[in-house]
Amino acid sequence: MTRLVRRRYLALKIDSEESLEHKAVSDAIWSAVLRLFGEVGASQAGLFMVRSDTQKGHIVLRCWHKALPMVRAAIASITIIGGKPAAVHVLRVSGTLKALSRKSGSIVGKEGSAHGNVNSHFRKPMKNSPIDMMKK
Amino acid sequence: MRFVDLCLCAPWTNLEQAKRLIAKSAELGYSQIGVPLPATIREEAVSQMRQISEENGLDFVTRLDLAPKSPDELLAGLRRFRSKFEVLAAICNSKVMARQAAKDRRVDLLCFRSLDPRKRFFDRAEAELASASGAALEICLAQMLSSLEVNLSVGFFSRLRREASIAKSFRVPIVFSSGASEPLLLRKPQDYAALSLLFDVDASCALEALSVNPAGVVERNRRKQSSDYVAPGVRVVKEARGR
């Protein structure tokens, strides 16, 4: 059965000289999307932070397939996170989390943790979502 | 695809920072970088920069930015420095300057550095001249990122959109360059291509503006500077033996 909405998973790398908090990173991504594309655009992006390891600067973000160019543009436009100069680079983009972990190895690996319930900006993961099933 | 960044503002006086910037550029996937240098730079400084680039697996391109105040000053600069640098960019701060730069075949890149839309002079007349002379329009993306920081982006994006559309209709090649002076302002070529969505340049054109177009400018000038070049389309293949 095909899914109605196709998704894209992005492996991101945060480049900053100082350590950043998870909330600051998610705020920066969210405000970049809002600033460039407005609330309607942001609502069409389907953004969700799947995994985040801000100590290592690795993030896995999910968005809807059609919103990928928009999300990439917003991510590239980030220059400041939490008041500190920073840059976010897209390392890989994939259609499934499994393929993304195969392509980018440890970035999506087990050391990362899901943060769906930490920040109210990102939707909570659904029960029995494909990601939860994959973790099992 | 070989990606080229023709405006990496690596400071030649601070080699440590230049090293970091060049290493970052290599890490992000560029294979050729152009560094704006002062007109009076010594040969040793250029070789040092070239060496740093080669250590990082990058092809180094010398570039001179001319920012003259009058057309005469531009012509004098072109006459004096054209053969010494591989890429020559004219920074157009006035309309008269922009017109003179666009009609001169020795100018490779037309740069408009102002964030104020009224001080960017790339209109249809300028594009027609540039199209005839073979000059390319350079868009510095670090400038765009800084416009987002200071909330000047509405007028600036609108102007960039217009410039890109005029360039396309007159077949003036567009060159995207980073214009970055710090590693944190550098982005991957694919990220720059994504940013071009903001001024309605499609992804394939954006990737060309980061690879084929700037590489073409460098290749054309290197060919011209080689010893066997005679005129456009004419080069020495083999020298005749004595009569």
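Anyway, here's the lowdown on the structure attached to this text. (Residues numbered from 1 in each chain as written. Chains lettered and ligands numbered in written order. Predicted model: local features only at pLDDT ≥ 70, side-chain atom pairs only at ≥ 80, totals over all residues. Heavy atoms only, no water.)

## Section: the overall build of chain A
Next up, step 1: Helix and strand counts for chain A stand at four helices and five strands.
Next up, step 2: Traced from its N-terminal end to its C-terminal end, chain A shows the element sequence β-α-β-β-α-β-β-α-α.
Next up, step 3: Within chain A, the fraction of its 136 residues that count as buried is 52%.
Next up, step 4: On chain A, roughly 7200 Å² of surface is accessible, and the fraction owed to carbon and sulfur atoms is 54%. (Helix = DSSP H or I, 4+ residues; strand = E, 2+ residues; numbered from the N terminus. Buried < 20%, exposed > 50% of the residue type's maximum accessible area, 1.4 Å probe, protein only. Areas by Shrake-Rupley, 256 points an atom, 1.4 Å probe, with all protein chains shown as cover.)

## Section: the overall build of chain B
Next up, step 1: Regarding its fold elements, chain B presents ten helices and nine strands.
Next up, step 2: Here chain B has a C-alpha radius of gyration of 18 Å; the compact-globule value for 243 residues is 18 Å, and the two agree.
Next up, step 3: Along the three orthogonal principal directions, the C-alpha set of chain B runs to about 70 × 40 × 35 Å.
Next up, step 4: In chain B, buried positions account for 51% of the 243 residues.
Next up, step 5: Residue pairs in contact within chain B that sit at least 24 positions apart in sequence constitute 74% of those at least 6 positions apart. (Rg over C-alpha atoms; globule rule 2.2 N^0.38 Å. Contact = heavy atoms within 4.5 Å.)

## A closer look at the pairing of strand S4 (residues 87-91) of chain B
Residues in a regular strand project their side chains so that they alternate between the two faces of the sheet.
Residues and elements named next belong to chain B.
Next up, step 1: With five of five residues buried, S4 lies mostly within the body of the structure.
Next up, step 2: The alternating pattern of S4 places Val87, Ala89 and Ile91 on one face and Leu88 and Ala90 on the opposite face, and all of these are buried.
Next up, step 3: Sheet topology places strand S3 (residues 59-66) next to S4; four bridges connect them, and they run parallel. Across the sheet, residue Leu66 finds its bridge partner in S4, namely Ala90.
Next up, step 4: For the segment spanning S3, helix H3 (residues 71-81) and S4, crossover handedness is right-handed.
Next up, step 5: Looking at chain direction, S4 and strand S5 (residues 109-111) are connected through three bridges and run parallel. Across the sheet, Ile91 pairs through a bridge with Cys111, a residue of S5.
Next up, step 6: Between the parallel elements S4 and S5, the chain passes through helix H4 (residues 95-103) in a crossover that is right-handed. (Pairing = 2+ DSSP bridges. Right-handed = clockwise from strand over helix to strand, strands pointing away.)

## Considerations on the pattern of salt bridges
Next up, step 1: Applying the stated criterion across every chain yields a total of 22 salt bridges over all chains.
Next up, step 2: When the shortest N-O distance is used, the salt bridge between Asp191 of chain B and Arg72 of chain A registers 3.1 Å. Of the two residues, Asp191 of chain B is situated in helix H8 (residues 189-195) and Arg72 of chain A in helix H2 (residues 68-76); the pairing between them involves two chains. Assigned by exposure class, Asp191 of chain B and Arg72 of chain A land together as buried.
Next up, step 3: Notably, a salt bridge pairs Asp200 of chain B with Arg161 of chain B, separated by 3.3 Å at the nearest N-O pair. Of this pair, Asp200 of chain B sits in the loop between H8 and helix H9 (203-210) while Arg161 of chain B sits in helix H7 (residues 153-169), and the two are 39 residues apart along the sequence.
Next up, step 4: Since its relative accessible area comes to 58%, Asp200 of chain B is described here as exposed.
Next up, step 5: Taking the relative accessible area as the measure of exposure, Arg161 of chain B reaches 33% and is therefore partly exposed. (Salt bridge = Lys/Arg side-chain N within 4 Å of Asp/Glu carboxyl O.)

## Quick notes on the pairing of S3 of chain B
Residues and elements named next belong to chain B.
Next up, step 1: Among the eight residues of S3, six are classified as buried, and the element is accordingly described as predominantly covered.
Next up, step 2: Where strand S2 (residues 30-37) and S3 come together, six bridges link them in parallel fashion. Of the residues in S3, the one forming a bridge with Pro36 is Arg63.
Next up, step 3: Read as a crossover between parallel neighbours, the route from S2 over helix H2 (residues 43-55) to S3 is right-handed.

## Description of a nonpolar patch on the surface
Next up, step 1: Taken together, Val230, Val234 and Val236 of chain B make up a surface patch of nonpolar side chains, about 220 Å² in accessible area.
Next up, step 2: Following the sequence through the fold, Val230 of chain B ends up in strand S8 (residues 229-231). (Patch = residues over 30% accessible without salt bridge, like charges linked within 9 Å, V, L, I, M, F, W, Y side chains within 5 Å.)

## A look at the interface of chain B and chain A
Next up, step 1: Listed per partner, the contact involves 18 residues of chain B and 22 residues of chain A.
Next up, step 2: Together, the buried faces of chain B and chain A total about 1500 Å²; carbon and sulfur atoms form 62% of this surface.
Next up, step 3: Together, Leu184, Arg187 and Asp191 of chain B form the three largest contributors to the area buried by chain B at its contact with chain A, with a combined 35%.
Next up, step 4: Our count for the chain B to chain A interface comes out at two salt bridges.
Next up, step 5: Our enumeration of links across chain B and chain A arrives at five residue pairs in polar contact (both at pLDDT 80 or more).
Next up, step 6: No other element matches H8 of chain B, which puts four residues into the side of chain B that touches chain A.
Next up, step 7: For the side of chain B that touches chain A, the residue count by class is eleven nonpolar, one polar and six charged. (Buried area = accessible area lost by both parts, 1.4 Å probe. Polar contact = N/O pair within 3.5 Å; in protein donor to acceptor, adjacent residues only side chain to side chain. Nonpolar A, V, L, I, M, F, W, Y, C, P; charged D, E, K, R; others polar.)

By themselves, these are just geometric observations and shouldn't be taken as functional.
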